[in-house]
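# Chains, contacts and geometry: an overview
Spelled out, the chains give:
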There are 2 protein chains.
Amino acid sequence: VDPERIAIVLVRPSRAANVAAACRAMKNMGLSRLWVVEPKRWPIEREDRCLAYGAWDVLDAARVAASLAEAVSGSTFVAATSGRAAAGGWSPRRLAAEAAQRAGTGTASVVFGPEASGLLREELDLCHELVHIPTDPAQPSLNLAQAVLLIGYELRLARLERPSSEPPRRADAAAAGELERSLGELRAALLDVGYLDPSNPDRILTELRRLLARAGPTPRELTLLRGLARQVSWAGRIARRPAGTR
Amino acid sequence: VDPERIAIVLVRPSRAANVAAACRAMKNMGLSRLWVVEPKRWPIEREDRCLAYGAWDVLDAARVAASLAEAVSGSTFVAATSGRAAAGGWSPRRLAAEAAQRAGTGTASVVFGPEASGLLREELDLCHELVHIPTDPAQPSLNLAQAVLLIGYELRLARLERPSSEPPRRADAAAAGELERSLGELRAALLDVGYLDPSNPDRILTELRRLLARAGPTPRELTLLRGLARQVSWAGRIARRPAGTR
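A brief report on the enclosed structure follows. A quick note: this is a predicted structure, and the numbers were derived from the prediction, not measured.

### Topic: the interface of chain A and chain B
Taken together, the 64 residues of chain A in the interface contact 65 residues of chain B. For the pair chain A and chain B, the two sides together bury roughly 5400 Å², of which 58% comes from carbon and sulfur. For chain A, the biggest contributors to the area lost against chain B are A:R93, A:Q139 and A:R214; these three give 12% of the whole. Here chain A and chain B share 7 salt bridges between them. Of the charged contacts, one joins A:E207 and B:R220 as a salt bridge, the two residues approaching to 2.5 Å between their closest N and O atoms. Taken together, chain A and chain B are joined by 30 residue pairs in polar contact (both at pLDDT 80 or more).

### Section: the nonpolar core
Soluble globular proteins tend to bury their nonpolar side chains together. Counting 81 residues, the largest nonpolar core has A:L34 and B:L34 as its most contacted members. In this view, B:L34 contacts B:I8, B:L10, B:V19, B:C23, B:M26, B:V58, B:A62 and B:R63; residues no more than four positions away in its chain are not counted. Core analysis: the second largest hydrophobic core is formed by 48 residues, A:I204, A:L208, B:L208 and B:L222 among them.

### Brief notes about the pattern of salt bridges
Within this structure, the stated rule accounts for 34 salt bridges over all chains. Here B:R41 ties to B:E45 by a salt bridge, and the two come within 2.4 Å at their closest N and O atoms. For B:R41, a relative accessible area of 56% gives the class exposed. Owing to a relative accessible area of 36%, B:E45 belongs among the partly exposed residues under this scheme. Members of the salt-bridge network, linked through shared partners, are A:R93, A:E154, B:R93 and B:E154.

### Structural notes on helix α8 (residues 176–192) of chain A
For α8(A), with 17 residues, the first-to-last C-alpha span of 24 Å sits near the 24 Å given by 1.5 Å per residue. Among the residues making up α8(A), those that are buried are A:L179, A:S182, A:L183, A:L186, A:A189 and A:L190. The arc that holds every buried residue of α8(A), seen down its axis, measures 120°, which confines them to one face. Those residues of α8(A) hidden inside the fold are in contact with α9 (202–215) and α10 (219–239) of chain A together with α10 (219–239) of chain B. Two residues or fewer after α8(A) comes A:G194, characterised by a positive phi angle close to 80°.

### A short note on the sheet that holds strand β4 (residues 77–82) of chain B
Residues and elements named next belong to chain B. In spatial order, the strands read β3-β2-β1-β5-β4-β6; together these 6 strands make up an open sheet with parallel pairing. Looking at the sheet topology across the chains shown, the edges are occupied by β3 (63–65) and β6 (129–132). Direction aside, the axes of adjacent strands within the sheet are offset by 30° on average. The pairing of strand β2 (residues 33–37) with β3 spans 3 bridges and is parallel. Residue pairing across strands places V37 opposite A65, the latter belonging to β3.

### Focus: the packing of aromatic side chains
Both the distance between ring centres and the angle between the ring planes are used here to describe each pair of aromatic rings. Scanning all chains against the criterion turns up 5 aromatic pairs over all chains. Between A:Y153 and B:Y153, the ring centres sit 6.4 Å apart and the planes meet at 85°, which makes this aromatic pair edge-to-face. With A:Y153 in helix α7 (residues 144–161) and B:Y153 in helix α7 (residues 144–161), this pair bridges two chains.

### Let's talk about the pairing of strand β5 (residues 108–112) of chain B
All names here are of chain B. Taking burial as the measure, the 5 residues of β5 include 5 buried ones, the bulk of the element. Two elements, strand β1 (residues 6–11) and β5, share 5 bridges in a ladder whose sense is parallel. Directly across from V9, in β5, lies its bridge partner V111. Here β4 pairs with β5 via 4 bridges, running parallel. Bridged to A80 within β5 is V111.

### Some words on the state of the cysteines
Applying the stated criterion to the full structure yields 0 disulfides over all chains. The thiol of A:C23 is unpaired, and the distance to the nearest cysteine sulfur, on A:C50, comes to 12 Å. Taking relative accessible area as the criterion, A:C23 reaches 0% and is therefore assigned buried. Left unpaired, B:C127 is separated from the closest cysteine sulfur, that of B:C23, by 20 Å. A relative accessible area of 3% means that B:C127 is categorised as buried.

### Side note on the sheet that holds strand β3 (residues 63–65) of chain A
All names here are of chain A. Spatially, the 6 strands line up as an open sheet ordered β3-β2-β1-β5-β4-β6, and their pairing is parallel. The sheet is open, and its two borders are formed by β3 and β6 (129–132), each paired with just one other strand. Going from strand to strand, the sheet's axes swing by 30° on average, the running direction of each strand aside. In this fold α7 packs onto β1 (6–11), β4 (77–82), β5 (108–112) and β6, with an angle of close to 155° to the strand it touches most, β5.

### Looking at α7(A)
Residue and element names in this part refer to chain A. Taking 1.5 Å per residue as the helical rise, α7 with its 18 residues ought to reach 26 Å, and the 26 Å between its terminal C-alpha atoms agrees with that figure. For α7, the tally of buried residues reaches 15 of 18 residues, placing the bulk of the element in the interior. Two to three positions downstream of the cap, the backbone nitrogen of A145 sits 3.1 Å from a side-chain oxygen, assigning the N-cap of α7 to N143.

Conventions and cut-offs
Residues numbered from 1 in each chain as written. Chains lettered and ligands numbered in written order. Predicted model: local features only at pLDDT ≥ 70, side-chain atom pairs only at ≥ 80, totals over all residues. Heavy atoms only, no water. Contact = heavy atoms within 4.5 Å. Buried area = accessible area lost by both parts, 1.4 Å probe. Salt bridge = Lys/Arg side-chain N within 4 Å of Asp/Glu carboxyl O. Polar contact = N/O pair within 3.5 Å; in protein donor to acceptor, adjacent residues only side chain to side chain. Core = buried A, V, L, I, M, F, W, Y, C linked by side-chain atoms within 4.5 Å. Buried < 20%, exposed > 50% of the residue type's maximum accessible area, 1.4 Å probe, protein only. Helix = DSSP H or I, 4+ residues; strand = E, 2+ residues; numbered from the N terminus. Expected span 1.5 Å × (residues − 1). Arc of directions from axis to C-beta. Pairing = 2+ DSSP bridges. Axes fitted to C-alpha atoms, helices over the stretch in contact; angles between N-to-C directions. Phe/Tyr/Trp six-rings, centres within 6.5 Å; stacked < 30°, edge-to-face > 60°. Disulfide = S-S within 2.5 Å.

Rendered as structure tokens:
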């Protein structure tokens, strides 16, 4: 999702400080296009500006609209965040996925209503989808900047992750054959040092294999293990010589 | 992820107000287990408590520890959040996915360092994985409560999305304190055998810790490792004696 194609729209924010803090959250997530609809006062006062620390460029570039309709008129897709789980409402993750698809040519707006009262009915009607942040019902309310941060986070991830699908668990897990080679050296060393029972060394070796395989060692880690095995083997062979021959 | 099996650990938080705000963010995401390591003052003062509005139960149930080692000793998995993208660091989403798998029976700790300075080297060494919140490099820093909120959000989604009936990856992961005890014996043995560099043994030990922690050893596996360490230590001490004294 090109961040230039995403606008954050704050409708009648209750406090200017919240707008400033929202600017910071936007900048944390690489967003820069802000609309403020019917602010109580504009520009916001100096003491509130400090909450936009480091994100004054976002605040200064914000555009003010007299209505939500005006703010979103240029958007091809408009989503409203809602404090309540609505039937058919989207998760932030789904919003991000859809925005990634839709915002390729147009722009998407994500609308945040007044903190206490929410959007008016006719404003909700302007929105194409409702998005609900799945907070815990025991404490559902987020402040404005937190809600912007979470939505921005999902939009950012959708941008960073696309188009590559879920990355593999780790890029550099060693092949199973490499693990076996290291286990072979470890087995020899642990026999040399008298840790494994020569009549049945593989019972415990199997447990070590499971442990290591579960971790999915990197080639580097297998190199460490082979170095460790060689050193243990050396010590074991010396230590276990009959006393007179050491 | 059962929220009872997730602990948030705040290390030397710079301001009590940040701890209170973090409690609110935890409660937003249904988390309730909080450790505070080396707080400047405890309990926190009334004027800061107000920032935990609605989450006083989380704040009042917080436990104080004198060290990070103490706070995480009962955890089977310990992740540290980092302000910097580290090679091999996990995303919050990956953390949540792994925690969902590992926390079936044990507990996971997510560690947040001091806001300005971050965790100490030896504290990072106690953590099994690093997690980085992918903020924009132009404005990377989040406040403590925001970082807790984002991690909590991912953990919550992992819980909501995953049927709770799904079996945990393993029944009986050992606690971090047990792993540290075994690593201590392994460290001594690998010094005895001349594998670790006495002037800097912990560099490689840190790699071994990560490898083992990734696997999530069982108590039985740690017993095997301690037996192995004792045998290696014995051989090392004999092998490295001056030749005439063997």
